[in-house]
Amino acid sequence: MSTPIHRTSTRQSAAVLTSAQQRREGSRTGSTSARSTEHALLAMQSRAGNRATTAAVQRARDTARDPARDTERDAAAENGGASAGAKKNYRDRIAALLDRFKKNLEPIDTFIKGFQTPTNAAFTQQAAVSANEGLKHSAAASGTSAASGNLLTEAAGTVVSGMDAYKNMKDAKKHETGANHHTAKKKAKTKGADAVVGAANSGSYSAAIAKEVTKVQKAADAAVASEASGIASASIGAIKGMRSAFRVGGAARKYKEVKNLGDPHVVHAGSLARLNESREQAGWAAAEAYVALDAYWGHEGQERLELVSEAIDAAWEAMGEARDAAESLQRAEKDVEKLSTVQGYAKKKQLTKMGKETVSGGGESTKAAAGIVTAVAAGTVGLASNPVGWGLAGAGAGLVLGVTMYKALRAATKRYEEVHHPERWAPKGETPEEAASRKESLKHALKFWKKVSKGERQAMAREIYALAAGPDISGSGSTTAEMRESARSLLIALKSGPAKHKLEPEAWVETLNDPAKTGDWIQEIAEQLASG
C-alpha cells in the first residue's frame, strides 16, 4: 500500500529546521516578533506547499499503479515486450505519467507564483526595513519552500517537453510531407523551445533556493547569492517576455492574412448573383414547359398523345433543373455563412492569443525588472531593501496569475460543456453521446489534466475542412469551385498551405480529397486555429 497523504516525512530541509530553531530561540528570549502573525502565515505557507506537493506525488504514484495500466503492461509482455513497439509504448506511458504529475503540480505552482512568492517578497522588505531578524529568516524559509515547489514543477515540465519534442521530431521525419509532417514539426519546435526555457527557468529557481538558504544560514555571501538570483530571474523573465512578443507578432500576422481574405458575403456576391440568375432562368423554363403542356392538352389531332407525352417529359426535366438550381443557390448561401463564421472564429482566436500573450509577456517583463532591482539592491543597499523590487514582483505575478486563471477557467468551462452539452459540437451525422448530469459535468470540468477533444475549435476545423475538401469527401461534393478555392485560401492563411506541408499545390489538393487523410487534416486545422 502507498503511504497515506496525511503522513509527513521525518526528513525536513535545513531551512525549515533552522527556521524552527530560531522560533524556539525567539520564544525562549521572550521575543514578541517570533510569535507574530507574519511568522504564522509564513510557516503556514511552507507547510501548505509541502503537503500539497506530497499529495501530488501520491496521486502520480496511484496513477502509475493503476490496475488498467498493469493489465496493459502484462498484455504487452505476452505479445513480446522486448520489441521496439513495446519500448515505445513504455516510453509513452512514462511521458504520460510525468505529464500527469506535472499537471497535478501546476495548481500548487500557480498558488506559489501568485500568492506565496509576492507575500514572501513583501515580508522580506518589511524585515529589512525593521531589522527584524526573526521575520527575515521565516520569510527565507518560506521562500525556500516556494522555490523548491517551483523547481519541481519546472523540472517535470522540462522533461515532458523534451520527450514530446523528441517524439514529434521522429514523427516529422516519419511523415516527410503532408498535414502529419507539419503538425509534428510545429510541435517539435514549440516543445523544444519549452524544454530550453524550462531548463533555464529551473536554473533560476535553483539560484532562488540558494539565495534563500544563505539567508536562513546567515551566510556571509548572502548578498552575492541574492544578486545572482536577481540576475537569473531577470534573464529568464526577459526571455519569456521576448518569446511572448514573438508569439504576439505571429498571431498578428495570421490575423492580418485571414482579414485580407475579405468578407465572404462581399467576395462571393457575384457568384451568388449568378446562381440566383440561373435559378430564375430555370424557374421561367419550368413555367414555360407547363404552359406548353397545357396547350398540348387542348390539341385535337392524332399526334396529341405523343405531343402531351413529350411536353410532360420536358416539364419534368425543367422542374428538375429548377430544383437543382434552387438547391445550389441555397447550398452556396449556407457555405458563405459557414465561411464567414469560421473566418470570424479564426480572427477571434488570434486576437485572444495576442491579448493573452501581451498580458503574460508584460507580467514576465515586469518580473524581469523586479529581478534587476533585486540584484542592484543586493549589491548596493542590502538584500531586497528596495520596495520597488517586491512591488514589481507582485505586479508581474499578478499579471501572469490573471492569464493563468483565465486559461484555467476557460478550459474548465469547455470541459463542462463537452459532456453536459455533447450535441452542441458533435460532428454532423454522428449520434451525440448521452449528456452527463450537472454533478458529473462539474467533476469532469475539474479534471484539469484532460484536454478538450470535442469543443468549438474542433467543430470549426471540421467546417473548414468540409469547405476546402474535394468532391470525394462525404458532404463536400456540392461545394462550388469558388467556395472551395476561398476555403483553401483560408488554409494557406492559417499556415496550412502547400509550402508548409512540403508539397506541390496539385499534391496538396490531392491530400485534401483523400478520405484516409480526413482525420489528419482536421487535427492540423484545429492546431493552426489555436496557434499564432
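Here is what the cut-offs are and how they apply
- Here, residues in each chain are numbered from 1, in the same order as that chain's written sequence.
- Note on the predicted model: pLDDT of at least 70 is required for a residue's local features to be given, and 80 or more for side-chain atom pairs to be given and counted; whole-chain, interface and lining totals, by contrast, use all residues.
- Hydrogen atoms and water are omitted, and side-chain values are computed over all heavy atoms in the structure.
- The helix count covers DSSP runs of H or I at least four residues long, the strand count covers runs of E at least two residues long, and both are numbered beginning at the N terminus.
- For the exposure calls, accessible area comes from a 1.4 Å probe over protein chains only, and a residue counts as buried if that area is under 20% of its type's maximum, exposed if over 50%, partly exposed in between.
- Here, residues are in contact when the closest pair of their heavy atoms is within 4.5 Å.
- Residue exposure ignores everything except the shown protein chains as possible cover, and the areas themselves are Shrake-Rupley values with a 1.4 Å probe.
- Patches were defined on residues exceeding 30% relative accessible area and lacking a salt bridge, with like-charge contacts within 9 Å and nonpolar side-chain contacts (Val, Leu, Ile, Met, Phe, Trp, Tyr) within 5 Å.
- Throughout this description, the term salt bridge denotes a Lys or Arg side-chain nitrogen within 4 Å of a carboxyl oxygen of Asp or Glu.
- Only four residue types enter the charge count: Lys and Arg as positive, Asp and Glu as negative, with His and the chain ends excluded.
- We put the charge of a Lys on NZ, of an Arg on CZ, of an Asp on CG and of a Glu on CD.
- One fewer than the residue count of a helix, multiplied by 1.5 Å, yields its expected span.
- Orientation is described by lines fitted to C-alpha atoms, with helices fitted over the stretch in contact, and by angles between N-to-C directions that extend from 0 to 180 degrees.
- Any angle from 65 to 115 degrees is called roughly perpendicular, while one under 35 is roughly parallel, one over 145 is roughly antiparallel, and all others are oblique.
- For any helix crossing, the convention is left-handed if the near helix is rotated counterclockwise from the far helix by under a right angle, and right-handed if that rotation is clockwise.
- Three categories are distinguished: nonpolar for Ala, Val, Leu, Ile, Met, Phe, Trp, Tyr, Cys and Pro, charged for Asp, Glu, Lys and Arg, and polar for the others, with Gly belonging to the last.
- Among the buried residues, those of types Ala, Val, Leu, Ile, Met, Phe, Trp, Tyr and Cys that are joined through side-chain atoms within 4.5 Å form a nonpolar core.
- For every residue, the pLDDT score states the predictor's confidence, bounded by 0 at the bottom and 100 at the top.

Let us now look at the overall build of the protein. Looking only at helices and strands, one finds 16 helices and zero strands in the protein. The buried share of the protein, reckoned over its 532 residues, is 38%. The contacts of the protein with a sequence gap of at least 6 include a subset with a gap of at least 24, amounting to 78%. Total accessible area on the protein is roughly 28,500 Å²; 57% of this is exposed by carbon and sulfur atoms.

In this section: a negative patch on the surface. A grouping of E303, E306, E310, D313, E317, E321, D324 and E327 is seen on the molecular surface, where their side chains present a negatively charged patch. Relative to the helices and strands, E310 is located in helix α10 (residues 304-380). Using a relative accessible area of 46% as the deciding quantity, one classes E310 as partly exposed.

A contiguous patch of positive charge on the surface is contributed by K185, K189, K500 and K502. Locating K189 in the fold gives a position in helix α6 (residues 178-216). A residue is classified by how much of its surface remains accessible, and K189, at 58% relative accessible area, is exposed.

A few words now on helix α9 (residues 269-297). An ideal rise of 1.5 Å per residue puts 42 Å on 29 residues; α9 measures up with 42 Å between its terminal C-alpha atoms. Every buried residue belonging to α9 is among S271, L272, A282, A286, A289 and L293, and all of these are buried.

Below, the discussion takes up the packing of helix α13 (residues 456-468) against helix α14 (residues 481-493). Contact geometry of α13 with α14 gives a least axis separation of 7 Å together with a crossing angle of 130°. Overall, the two elements α13 and α14 adopt an arrangement that is oblique. Seen from above, α13 lies across α14 with left-handed handedness. Seen from α13, the contacting residues are I464, L467 and A468; seen from α14, they are M483, R484, A487, R488, L490 and L491.

Evaluation of the coordinates by the stated rule reveals 13 salt bridges. For the salt bridge of D194 with R247, the shortest nitrogen-to-oxygen distance reads 3.9 Å. Of the two residues, D194 is situated in helix α6 and R247 in helix α7 (residues 222-259); the sequence distance between them amounts to 53 residues. In this structure, the salt-bridge partner of K338 is E463, at a minimum N-O distance of 4.0 Å. You can see K338 sitting in helix α10 and its partner E463 sitting in helix α13, a full 125 residues away along the chain.

The interhelical angle for the contact between α14 and helix α15 (residues 505-512), taken along N-to-C directions, is 105°, at an axis separation of 13 Å. As summarised for this structure, α14 and α15 are arranged roughly perpendicular, according to the angle between their axes. For the pair formed by α14 and α15, the contact residues are R488, L491 and I492 on the first element and W508, V509 and L512 on the second. Residue composition of the contact of α14 with α15, grouped by class: five nonpolar, no polar and one charged.

The next subject is the nonpolar core. In summary, soluble globular proteins display a tendency toward joint burial of nonpolar side chains. Of all hydrophobic cores here, the largest spans 31 residues; its most connected members are I464, L491, W521, I525 and L529. For this core, the secondary structure elements donating two or more residues are α10, α13, α14, α15 and α16 (518-530). A per-element tally of this core places α10 first, with seven residues. Excluding residues within four positions of it along the chain, I525 makes contact with A461, I464, Y465 and L491.

Before going further, it helps to examine the side chain of S204. Along the chain, the position of S204 falls in helix α6. Once residues within four sequence positions are removed from consideration, S204 is found in contact with A232, S233 and I236.

This paragraph deals with the confidence of the model for the protein. The share of residues in the protein with pLDDT of 70 or more is 73%, and the mean pLDDT across the chain is 77. The low-confidence segment residues 63-84, where pLDDT is below 50, has 17 contacts with residues more than four positions distant or belonging to other chains.

By the element assignment, T404 lies in helix α11 (residues 387-420). Along the backbone, T404 and T110 are 294 residues apart, and their C-alpha atoms lie at a distance of 7.7 Å.

A few words now on the environment of L529. Position of L529 among the secondary structure elements: in helix α16. Of the residues examined, L529 reaches a relative accessible area of 0% and is grouped as buried. Along the backbone, L529 and K349 are 180 residues apart, and their C-alpha atoms lie at a distance of 6.8 Å. Beyond its immediate chain neighbours, meaning those up to four positions away, L529 contacts Y345, A346, K349, Q350, R457, M460, A461, I464 and L494.

If you trace the backbone, K349 turns up in helix α10. Leaving out residues up to four positions away in the same chain, K349 has contacts with K414, R457, L529 and A530.

It is worth spelling out the environment of V403 at this point. Mapped onto the secondary structure, V403 falls in helix α11. Taking the C-alpha atoms as reference points, V403 and K356, 47 residues apart in sequence, are found 6.3 Å from one another. Leaving out residues up to four positions away in the same chain, V403 has contacts with K356, V359 and S360.

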